[in-house]
Amino acid sequence: MKKENTKDLRRLGTSELFVSPVGLGCLQFSRGKGFSGLFWSETDHSVIEEIVRVSIENGVNWFDTAELYGRGESEKSLSRALSRLNVPREDVIIATKWWPLLRTAGSISRTIGKRLSYLDTDRVDLHQIHNPFSFSSVASEMREMAGLANKGLIRYVGVSNFSAEQMRKAHMELSRYGMALVSNQVKYSLLDREIEKNGVLDAAEDLGVTIIAYSPLARGLLTGKFHESPELLRERNYFRRLYGSLTVKNLERSGPVVEALASISQKYDAAPSQVALNWLMNFRGERVVVIPGASNVRQAEQNAASMSFKLSGDDLSLLAEVSSVNAE
Ligand SMILES: NC(=O)c1ccc[n+]([C@@H]2O[C@H](COP(=O)([O-])OP(=O)(O)OC[C@H]3O[C@@H](n4cnc5c(N)ncnc54)[C@H](OP(=O)(O)O)[C@@H]3O)[C@@H](O)[C@H]2O)c1
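Caption draft 1: Broad picture of the site of the ligand. The ligand sits among 32 residues. The nearest are Ser-215, Lys-225, Arg-240, Tyr-243 and Ser-295. Contacts to the ligand include Gln-299, whose side-chain N or O atom sits 2.9 Å from an oxygen atom. Alone, the ligand offers 900 Å² of accessible surface; in the complex the protein occludes 94% of this. Assessed atom by atom at 2 Å from the grid points, the ligand resides in the largest pocket. Every element with two or more residues in the shell around the ligand is listed here: helix H9 (238-243) and helix H12 (297-304). The element best represented in the shell around the ligand is H12, accounting for three residues. Split by residue class, the shell around the ligand holds 11 nonpolar, 15 polar and six charged.

Caption draft 2: The packing of aromatic side chains, seen in detail. Under the definition given, this model contains four aromatic pairs. Between Tyr-268 and Phe-309 the ring centres are 5.4 Å apart and the planes differ by 35 degrees, which places this aromatic pair in the tilted class. In this pair, Tyr-268 sits in the loop between helix H10 (248-267) and helix H11 (272-282) while Phe-309 sits in the loop between H12 and helix H13 (313-326), placing the two residues 41 residues apart along the sequence. Using a relative accessible area of 21% as the deciding quantity, one classes Tyr-268 as partly exposed. When its relative accessible area of 15% is taken as the criterion, Phe-309 is described as buried. Ring centres of Trp-279 and Phe-283 lie 4.5 Å apart, and the angle between their planes is 20 degrees; on these two criteria the pair is classed as stacked. Exposure remark for Trp-279: the relative accessible area of 0% places this residue in the buried category. An aromatic cluster is present here, built from Tyr-188, Trp-279 and Phe-283 joined pairwise through their rings.

Caption draft 3: Here's a closer look at the packing of helix H4 (residues 138-150) against helix H5 (residues 164-175). Running from N to C, H4 and H5 cross one another at 45 degrees; their axes reach a closest spacing of 9 Å. Looking at the two axes, H4 sits oblique to H5. When you trace H4 past H5, the crossing you get is right-handed. The residues of H5 that touch H4, namely those facing Val-138, Ala-139 and Met-142, are Gln-166, Lys-169, Ala-170, Glu-173 and Leu-174. Classifying every residue of the contact of H4 with H5 gives five nonpolar, one polar and two charged.

Caption draft 4: Region of interest: the layout of surface pockets. Considered as a void within the structure, the largest pocket measures approximately 1,100 Å³ in volume. Along the walls of the largest pocket sit 49 residues, with Gln-28, Trp-40, Arg-219, Arg-240 and Tyr-243 positioned nearest its centre. Contributions of two or more residues to the lining of the largest pocket are made by strand E8 (181-187), H9, H11 and H12. Of all the elements, H12 adds the most residues to the lining of the largest pocket, at four residues. Of the residues contributing to the lining of the largest pocket, the split by class is 18 nonpolar, 22 polar and nine charged.

Caption draft 5: Just the packing of helix H1 (residues 45-57) against H12, in detail. Closest axis-to-axis distance for the H1/H12 pair is 8 Å, and the angle between their directions is 15 degrees. One finds that H1 runs roughly parallel with respect to H12. Like other packed secondary-structure pairs, H1 and H12 cross with a definite hand, here right-handed. In this structure, H1 uses Val-47, Glu-50, Ile-51, Val-54 and Ser-55 to contact H12, whose residues at the interface are Val-297, Ala-300, Glu-301 and Ala-304. A per-class count over the contact of H1 with H12 returns six nonpolar, one polar and two charged.

Caption draft 6: Summary view of unusual backbone geometry. Here the phi dihedral of Arg-71 falls at roughly 50 degrees; this positive angle occurs in a residue that is not glycine. Structurally, Arg-71 can be placed in the loop between strand E4 (62-64) and helix H2 (73-84). Classification of Arg-71 by relative accessible area gives exposed; the value is 63%. Phi is positive for Arg-219, which is not a glycine, with a value near 55 degrees. Mapped onto the elements of the fold, Arg-219 is located in the loop between strand E9 (210-214) and helix H7 (225-228).

Caption draft 7: Representation of the confidence of the model for the protein within the structure. Within the protein, residue pLDDT values average 94, and 97% of them lie at 70 or more. Segment residues 1-7 is flagged for pLDDT under 50; beyond a separation of four residues in sequence, or across chains, it makes 11 contacts in the model.

Caption draft 8: Highlighting H2. Look at H2: 16 Å from first C-alpha to last across 12 residues, which is about the 16 Å you get at 1.5 Å a residue. Residues of H2 that are buried sit in contact with H1, E4, strand E5 (93-98) and helix H3 (106-119).

Caption draft 9: Structural view of the pairing of strand E7 (residues 154-160). Across the seven residues that make up E7, a large majority, six, are buried. Bridge count for strand E6 (residues 124-129) against E7 is five bridges, and the pairing is parallel. Paired with Val-124 across the strands is Ile-154, a residue of E7. The β-α-β motif built from E6, the intervening H4 and the parallel element E7 has right-handed crossover chirality. Of the strand pairs in this sheet, E7 and E8 are connected by four bridges, and their pairing is parallel. Directly across from Val-159, in E8, lies its bridge partner Asn-184. Of the crossover connections in this fold, the one passing from E7 over H5 to the parallel E8 is right-handed.

Basis of the calculations
- Residues numbered from 1 in each chain as written.
- Predicted model: local features only at pLDDT ≥ 70, side-chain atom pairs only at ≥ 80, totals over all residues.
- Heavy atoms only, no water.
- Near = heavy atom within 4 Å.
- Polar contact = N/O pair within 3.5 Å; in protein donor to acceptor, adjacent residues only side chain to side chain.
- Areas by Shrake-Rupley, 256 points an atom, 1.4 Å probe, with all protein chains shown as cover.
- 1 Å grid on protein atoms, 1.4 Å probe; cavity = no way out; pocket = protein on both sides within 12 Å on 5 of 7 lines; lining within 4 Å.
- Sits in = over half its atoms within 2 Å of the grid points.
- Helix = DSSP H or I, 4+ residues; strand = E, 2+ residues; numbered from the N terminus.
- Nonpolar A, V, L, I, M, F, W, Y, C, P; charged D, E, K, R; others polar.
- Phe/Tyr/Trp six-rings, centres within 6.5 Å; stacked < 30°, edge-to-face > 60°.
- Buried < 20%, exposed > 50% of the residue type's maximum accessible area, 1.4 Å probe, protein only.
- Axes fitted to C-alpha atoms, helices over the stretch in contact; angles between N-to-C directions.
- Parallel < 35°, antiparallel > 145°, perpendicular 65-115°, else oblique.
- Left-handed = near helix turned anticlockwise from the far one by under 90°.
- Contact = heavy atoms within 4.5 Å.
- Points joined across faces, edges and corners; volume = space filled by probe spheres on them.
- pLDDT = per-residue confidence, 0-100.
- Expected span 1.5 Å × (residues − 1).
- Pairing = 2+ DSSP bridges.
- Right-handed = clockwise from strand over helix to strand, strands pointing away.

So this is what it looks like as structure tokens:
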């Protein structure tokens, strides 16, 4: 299996984890189970295996999953695929997340055993707090995470959907234990540039934290396929349309960005979706890495191959300008 070109890897925060600019989002591996099962139907294990294989072959060296995704089904499917592909555990980086809603920080330690068992590993590379909504404070969550790191059960700590203030708090709390916050995983794409305005990106720069951009293709909208064939919207179930904001109004709103992507993509012999990902991974230098999800093998291959070129400064600026008018 082809390995990534190490010179292109990016340091995650101040950690010793070096990740490819594109990682693989594994929400799509929930196999129809749990909350995520409302959006994505069951993907066969053989397809998951192929998605993982082509991703690695095209330079992806890390995977983002979560306890929430199919109630652990995504974690299990990912480790099953890696094992069947004979990928040595140390060759890839795995990030997972603890689900905080209606829970207290103590459950981070109570649930780590399941994470390790489902991922078939003795150490999680990056453990993240999935969102800031828990019965416990950020301070207790960071204490719990630091305790796991101390026991060697996790390597680094990240957060997700945290505001600038919550990031700073998490970073400060971790520093009490000689650790640093490594990443904040947030929604970021050419159609949603909120983090550029709400202080999250600035806080990431200040703290040396990496932004992991989720929903980088705006859940499919930025591929242009729904603009080209609006009838595809009807093929997605109600929850998927709701989750992805896949509405006729949003097709109209995103039209100018998608047109600009299509026009620029011709210069690079690339797909519009690849240009959208390339913009996100380069517009802010190395601060941002992206984790597109893939529903099939072709998408995974195409998304990973978006690392094979680099948009010029003019094209980065042009897209930033067009999208600033049309982004949320
Ligand atoms: N931390 C959080 O709160 C959070 C929240 C959401 C997601 N995430 C993470 O971020 C990852 C990605 O986010 P996401 O899945 O919401 O959004 P996304 O990556 O923007 O969109 C993924 C969807 O877009 C379509 N797609 C992907 N690549 C394509 C291509 N090359 N050509 C055409 N269509 C393509 C597929 O859907 P169809 O084939 O059905 O069109 C795919 O399921 C997830 O897997 C998860 O790991 C994290």
